[in-house]
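# Residue-level structural notes
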Amino acid sequence: MSDKVVAELQEPTPSVGDGGPDMIQLLTPEGQRVSHPDYDRYVENLSADDLRSFYRDLVLIRRLDAEGYALQRQGELGLWPSLLGQEAAQVGSGRALRPHDFVFPTYREHGVGFVRGMDPQSSLQLFRGVSQGGWDPQENNFHLYTIVIGAQALHATGYAMGVKMDGNVGTGDPDRDTAVICYFGDGASSQGDVNEAFVYAASFDAPVVFFCQNNQWAISEPVTKQTRIPLFQRAAGFGFRGIRVDGNDILATYAVTQHALDEARSGNGPLLVEAYTYRMGAHTTADDPTKYRVSAEVEEWKFRDPILRLKTYLAHEGMADESFFTAVDAEADVFAAELREGCVTMKTMPGETMWDHVYAEDHPVMEAERAAFKAYQASFEEAI
Ligand SMILES: Cc1ncc(C[n+]2csc(CCOP(=O)(O)OP(=O)(O)O)c2C)c(N)n1
């Protein structure tokens, strides 16, 4: 393709933080509510209580993230992938889900897990090395973290096909119709697995929402090196719709994800949501972003902070006052203390629990593997 054709396909190069004219936004970075003809209806019924609880979720998961980071620095965790800056993308999309929907996260979705009702300690277990994953995916319909980039897009699509074959799509019964959501990053969109999942999901109308958190960086690789067109436009090439949403705007991510999930549940097939956001911290605690990105970029994104934006809106509209914000901060302090205490006193889960959730029922080959593993471990105890 010639450069001229590519230039025609591209939007005008967006400046940092500008998601372009197609980006759905309901709350500006200054905290002002703006109207959108297609998406207002998804937020119209939110009460002041709902919005305050959105705010509380944002603050608590930012605190969970800060504690995860600190615990790693204190040697209590082996690694921590920070979600700083991506709180609205995660809480907005997570709160749009129904309990019976199923989530396939990557390794950074501590906020989605939190709003799904996961024990906040769960996110720490894997990174402390005390478990092989840490939780039963069936408990909150939240699958284990996936470290292999993009692999969960195939798992999610396969699961979504199962949902469809069970007849739990397009029945019109809200308690039955089910959607699957798959989280991944901008870098993952370059992986074969993700592209294969797109092809399959589109061909068979799988009820899956692909939720890409475009945080602009795949470790040190900027998104501009990964794609010549905006990521949400890629969906069209696979035969389904893509939507770009302001990932730092909790109202917009909530509205757009609800729409996408409704489409999937109704049997209209997959949809790609590109949440345009920014990773404020390092890729993980093993990374030093000052080696590859300029601080001016980070500074610019600070003005788009998802929490400050909702706080300004709530205060301006008289939906929350200083005593509410102070109470949430106090709750976050208690939450953080409990997290730290829970982390340092965590028990190591027996190694054989890694087989617990592999199959719905026990399986002879797996039973043999588990028994062999237990015998192998016991051999060390005998040797001592
Ligand atoms: C298949 C595979 N290739 C490479 C890696 C190493 N790796 C870990 S994270 C990462 C970048 C992922 O970036 P992105 O998908 O944008 O997600 P983000 O971490 O920014 O949320 C890479 C290449 C991996 N884990 N798996």
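What you are looking at is a predicted structure, and each value in this text was computed from that prediction instead of being measured.

Calculation criteria
- Residues numbered from 1 in each chain as written.
- Predicted model: local features only at pLDDT ≥ 70, side-chain atom pairs only at ≥ 80, totals over all residues.
- Heavy atoms only, no water.
- Helix = DSSP H or I, 4+ residues; strand = E, 2+ residues; numbered from the N terminus.
- Rg over C-alpha atoms; globule rule 2.2 N^0.38 Å.
- Buried < 20%, exposed > 50% of the residue type's maximum accessible area, 1.4 Å probe, protein only.
- Salt bridge = Lys/Arg side-chain N within 4 Å of Asp/Glu carboxyl O.
- Near = heavy atom within 4 Å.
- Areas by Shrake-Rupley, 256 points an atom, 1.4 Å probe, with all protein chains shown as cover.
- 1 Å grid on protein atoms, 1.4 Å probe; cavity = no way out; pocket = protein on both sides within 12 Å on 5 of 7 lines; lining within 4 Å.
- Sits in = over half its atoms within 2 Å of the grid points.
- Nonpolar A, V, L, I, M, F, W, Y, C, P; charged D, E, K, R; others polar.
- Expected span 1.5 Å × (residues − 1).
- Contact = heavy atoms within 4.5 Å.
- Domains from an automatic or database assignment.
- Buried area = accessible area lost by both parts, 1.4 Å probe.
- Polar contact = N/O pair within 3.5 Å; in protein donor to acceptor, adjacent residues only side chain to side chain.
- Points joined across faces, edges and corners; volume = space filled by probe spheres on them.
- Pairing = 2+ DSSP bridges.
- Axes fitted to C-alpha atoms, helices over the stretch in contact; angles between N-to-C directions.

Another aspect to go through is the overall build of the protein. Scanning the protein for helices and strands turns up 14 helices and seven strands. Relative to a compact globule of 384 residues, whose C-alpha radius of gyration would be 21 Å, the protein shows 21 Å and is just as compact. Seen along its three principal axes, the alpha-carbon backbone of the protein occupies a region of about 70 × 50 × 45 Å. Counting across all 384 residues of the protein, residues that qualify as buried make up 52%.

This brings us to the pattern of salt bridges. Where charged atoms of side chains with opposite charge meet at close range, the side chains can pair. Counted by the stated rule, this structure contains 21 salt bridges. The salt bridge involving Arg370 is made with Asp356; its shortest N-O contact spans 3.9 Å. Here Asp356 lies in the loop between helix H13 (322-344) and helix H14 (364-383) and Arg370 lies in helix H14, a separation of 14 residues in the sequence. A residue is classified by how much of its surface remains accessible, and Asp356, at 40% relative accessible area, is partly exposed. In this structure, the salt-bridge partner of Asp362 is Arg370, at a minimum N-O distance of 3.5 Å. For Arg370, a relative accessible area of 17% corresponds to the buried category. Members of the salt-bridge network, linked through shared partners, are Arg56, Asp57, Arg95 and Glu331.

Time to look at the site of the ligand. Lining the immediate environment of the ligand, one finds 15 residues, of which Tyr107, Arg108, Ile147, Gly187 and Ala188 sit closest. Relative to its unbound accessible area of 590 Å², the ligand is 71% covered by the protein chains. Put simply, the ligand lies in the second largest pocket. Each residue belonging to the shell around the ligand can be placed in one class, and the counts come to eight nonpolar, five polar and two charged.

In an α-helix, one turn spans 3.6 residues, which is why side chains three or four residues apart end up on the same side. Given a rise of 1.5 Å per residue, 23 residues ought to cover 33 Å, and the 34 Å separating the end C-alpha atoms of H13 matches this to within 8%. Taken together, the buried positions of H13 are occupied by Phe324, Phe325, Val328, Ala332, Phe335, Ala336, Leu339, Gly342 and Cys343. Contacts from the buried residues of H13 go to helix H2 (48-73), helix H4 (110-115), helix H5 (122-128) and helix H12 (306-316).

So, on to the domain arrangement of the protein. Split into domains, the protein comes out as domain 1 (27-349) and domain 2 (350-383). Computed over C-alpha atoms, the centres of domain 1 and domain 2 are 34 Å apart. In this assembly, six residues from domain 1 lie in contact with five residues from domain 2. Carbon and sulfur atoms supply 66% of the area buried between domain 1 and domain 2, which totals about 420 Å² over both sides. Area buried by domain 1 at its contact with domain 2 is led by Gln132, Asp136 and Met349, which between them contribute 84% of it. Our count for the domain 1 to domain 2 interface comes out at zero salt bridges. Here domain 1 and domain 2 share one residue pair in polar contact (both at pLDDT 80 or more) between them. For the side of domain 1 that touches domain 2, the residue count by class is three nonpolar, two polar and one charged.

What the rule picks out here adds up to one cavity of 30 Å³ or more. In this structure, the largest cavity encloses a volume near 40 Å³. Surrounding the largest cavity, Phe184, Ser189, Phe198, Cys212, Leu231, Arg234 and Leu272 form its lining. For the lining of the largest cavity, the per-class residue count stands at five nonpolar, one polar and one charged.

On to the sheet that holds strand S7 (residues 271-276). Reading across from one edge, S1-S2-S3-S7-S6 is the order of the five strands in this open sheet, with parallel pairing throughout. Each end of this open sheet is capped by a strand with a single partner; those strands are strand S1 (102-104) and strand S6 (241-246). In this sheet, neighbouring strand axes are inclined to one another by 20° on average, regardless of whether the strands run parallel or antiparallel. In the sheet, strand S3 (residues 208-214) pairs with S7 via six bridges, with the strands oriented parallel. Following the sheet pairing, Gln213 is matched in S7 by Ala275. Of the strands in this sheet, strand S2 (180-185), S3 and S7 are in contact with helix H3 (residues 87-96), which crosses S3 at around 165°. Its contacts with the sheet place helix H8 (residues 192-203) against S2, S3 and S7, and it is angled at close to 150° to S3.

What follows covers the layout of surface pockets. Leftover empty space is mapped by rolling, across the atoms, a probe with the size of a water molecule. A volume near 280 Å³ is recorded for the second largest pocket. As for the second largest pocket, its lining consists of 20 residues, and the residues nearest its centre are Tyr107, Ile149, Gly185, Gly187 and Ala188. Of all elements in the fold, only S2 and strand S4 (217-218) reach the threshold of two or more residues within the lining of the second largest pocket. Considered class by class, the residues forming the lining of the second largest pocket number seven nonpolar, 10 polar and three charged.

In this section: H2. Counted at 1.5 Å a residue, the expected span for H2 with its 26 residues is 38 Å, and the 38 Å between its end C-alpha atoms agrees. Downstream of H2 by one or two residues, Gly75 has phi in the positive range, about 85°.

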